[in-house]
Every structure is written in C-alpha cells, then in structure tokens.
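A structural walkthrough
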Amino acid sequence: MQVDFVSDLHLNHQIPFTHNQEKWEYRTKAWTEKLMESAKGEILVVAGDFSEWNRQAVWFLEEASLYYEKVFFVTGNHDYYLLTKSRMRKYPDSKARQMDLLQRASNIPNVQPLCREVVHYKGKVIAGDSLWYLPVTSEDWAFFINVSNDSNYVFIKEVNTFEFADKKDEARYLYKEAMDWYDTLKNEQIDLMISHIPPIHPPFSPYERNACYDCPVSFLAAPHWVCGHQHVQGHFKKAGTNFWMNAIGYPDENLELTLKTFTLQ
C-alpha cells in the first residue's frame, strides 16, 4: 500500500482568514489542489495542525479526499487553539473544538479521524492520536509558560475546575490522557502509527531537543510511524521503526510544498 503523508499545514497562515467566506474557501481548496499535484498513494495521512479554524480544516479534507481511497488524520496542538473571545464563546474548551473537527470530518465519506483509536483497513492495523508532551525540568516549564503558545491558547475545562489548577495541569492532563491510551497498544500488532507529537527527536532536526516538542515512550508501537509538530521533512529509523516526517510549516520557513510517499508492506 502506497501512503502519502504530510503534517503541519498551518492553513490559516497559508491562506489567512477573511470575512469573505466564499473567497477563503476557494483559496484554501486551490492551495490544497496545488499540494495534491504530488499525490501518488492510495491513502493520505495527515499528522495534525491543520488550522486554527475548523471550517478551513474541513475544506482541506473535502478537497484532499477527492484524490484518495481513504484519508486518515490526527489533530495537532494548533487544532486545540482558542485564539479569540468568539472562539471561547463557541466552544466550552479546546477539547470541544477538537471534537467538533473530528465529527465534521467524519461526515466526509472516505475520511477517518483518529483520536486514541485503532482501525483496520485493507488488512493493515492503523492507530492514531495527537499524543502530547510533558515538560520536566524548570527550563522546560519556563519555555512552556513563557514561549509556547500552547499555554496561552489551549484551555481544558475539566482541569480548570480544580481549586488550585494552573497551566501546567493542562499539559499534565493531556499527556496522561495520551499515555494511558498509548500503553494499551503494547500487546497490539500495529502496522502504522500516526501522531502529531513525535516520540523521538529527529536526528536531522536543526534544533536542539526541547521537551515541548516530543513525547518519549517506553516502546515503539509500529514499524512505521508518521508524525509532525517539529517543522522538518525527512525519514529516519530507530529501533526497527521507520519515522516519516513531512511538515509544510509556516510560509516563511520555505519548506517544500509537496506530499511524500512510502510503501506500507
């Protein structure tokens, strides 16, 4: 099976919001069509970070689904963001926004959202989730609070009912939720794992490791793993697992606008 893969589209940076919704939809789908010029595979895997706007993510998925038998995706941290007061009025919290995207996308006939799920497709077992990271050192937490936008734009209602909750508790909550599910895969025979947060810092990254950009795990669940979050493109192998990364990133990063392909045997 030929698998095309991509992540970190950041569509609202590629095609910024405009109140003219028809024009915004047209430009988003035209951008998607350009990306689809490199389509080769039977299925497409999108490893999260579509847009800060769910409707734009759905437009992308509607257009991309025309080129594939099946589109699988997970959400990224930016797909949790609540940037404005109007977004916070619309959604009770970030997980409500995530669920809205998952539900709307599931109405597209050949699109399969994955949120802590394992599915079977054409004889292959595919698992997927955003996963999450956990800062550890004081320097990690300082970066999370003072630099990372996640601490400003991700809001978890359940955590904020705690009497002494702070922003660190949201990261801990999301990490525990992800790890509790991931640990259930230990006895599963997974062929393809999809996550937004990578479990390993890629060796070809031009950046030093930062605990807010990976999610170390105690075992690698599959021989093939598509992930994103770090805005890099490439392939590497670790402990028998092939890692595939193909972020589009922000326009000023000048990453190649193309889909990449591998064979899932």
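Please refer to the structure placed before this passage.
Note that this is a predicted model, so its numbers are computed, not measured.

1. Side note on the nonpolar core
By size, the foremost hydrophobic cluster in this structure holds 34 residues, and its most contacted members are L131, Y182, L185, M193 and W225. Residue assignment for this core shows that the elements contributing at least two residues are β6 (124-129), α6 (138-146), α8 (167-182), β8 (224-227) and β10 (241-246). Take this core: its biggest share by element is six residues, from α8. Beyond its immediate sequence surroundings of up to four residues, L185 is in contact with V118, A127, I190, M193, F219 and A221. W24, M36, A57 and F73 belong to the second largest nonpolar core, which has 29 residues in total.

2. Concerning helix α2 (residues 21-35)
In this model, α2 (15 residues) spans 21 Å end to end at C-alpha, consistent with the 21 Å of a helix rising 1.5 Å per residue. The set of residues buried in α2 consists of W24, T28, W31, T32 and L35. Seen from one end, α2 has its buried residues packed into an arc of 100 degrees, which puts them on one side. Among the exposed residues of α2, those oriented more than 90 degrees off its buried face are E22 and Y26. Contacts made by the buried residues of α2 are with α1 (11-14) and α3 (54-64).

3. Quick word on the packing of α3 against helix α5 (residues 94-106)
For the pair α3 and α5, the least separation of the axes is 10 Å and the interaxial angle reads 25 degrees. With respect to their mutual orientation, α3 and α5 come out roughly parallel. Seen from above, α3 lies across α5 with right-handed handedness. Residues N54, R55, A57, V58 and L61 of α3 pack against R97, D100, L101, R104 and A105 of α5. Grouping the amino acids of the contact of α3 with α5 by side-chain chemistry returns five nonpolar, one polar and four charged.

4. Focus: the sheet that holds strand β11 (residues 260-263)
Strand order across the open sheet formed by five strands is β4-β3-β2-β1-β11, with mixed pairing between neighbours. Bordering the open sheet on either side are β4 (111-113) and β11, each of which pairs with just one other strand. On average, adjacent strands in this sheet sit at an angle of 25 degrees to one another, irrespective of strand direction. Inspection of the sheet shows strand β2 (residues 43-47) paired to strand β3 (residues 70-74) by five bridges, in the parallel sense. Residue pairing across strands places V46 opposite F73, the latter belonging to β3.

5. Quick notes on the sheet that holds strand β5 (residues 117-121)
Within the open sheet, the six strands sit side by side as β5-β6-β7-β8-β10-β9. Their pairing is mixed. The open sheet terminates on both sides in strands that have one partner only, identified here as β5 and β9 (233-238). Here the strands of the sheet are splayed against their neighbours by 20 degrees on average, with no regard to which way each runs. Sheet strands in contact with α8 are β5, β6, β7 (192-195) and β8, and its direction is about 165 degrees off that of β6.

Basis of the calculations
- Residues numbered from 1 in each chain as written.
- Predicted model: local features only at pLDDT ≥ 70, side-chain atom pairs only at ≥ 80, totals over all residues.
- Heavy atoms only, no water.
- Core = buried A, V, L, I, M, F, W, Y, C linked by side-chain atoms within 4.5 Å.
- Buried < 20%, exposed > 50% of the residue type's maximum accessible area, 1.4 Å probe, protein only.
- Helix = DSSP H or I, 4+ residues; strand = E, 2+ residues; numbered from the N terminus.
- Contact = heavy atoms within 4.5 Å.
- Expected span 1.5 Å × (residues − 1).
- Arc of directions from axis to C-beta.
- Axes fitted to C-alpha atoms, helices over the stretch in contact; angles between N-to-C directions.
- Parallel < 35°, antiparallel > 145°, perpendicular 65-115°, else oblique.
- Left-handed = near helix turned anticlockwise from the far one by under 90°.
- Nonpolar A, V, L, I, M, F, W, Y, C, P; charged D, E, K, R; others polar.
- Pairing = 2+ DSSP bridges.

The quantities given are spatial measurements derived from coordinates; they are silent on function.
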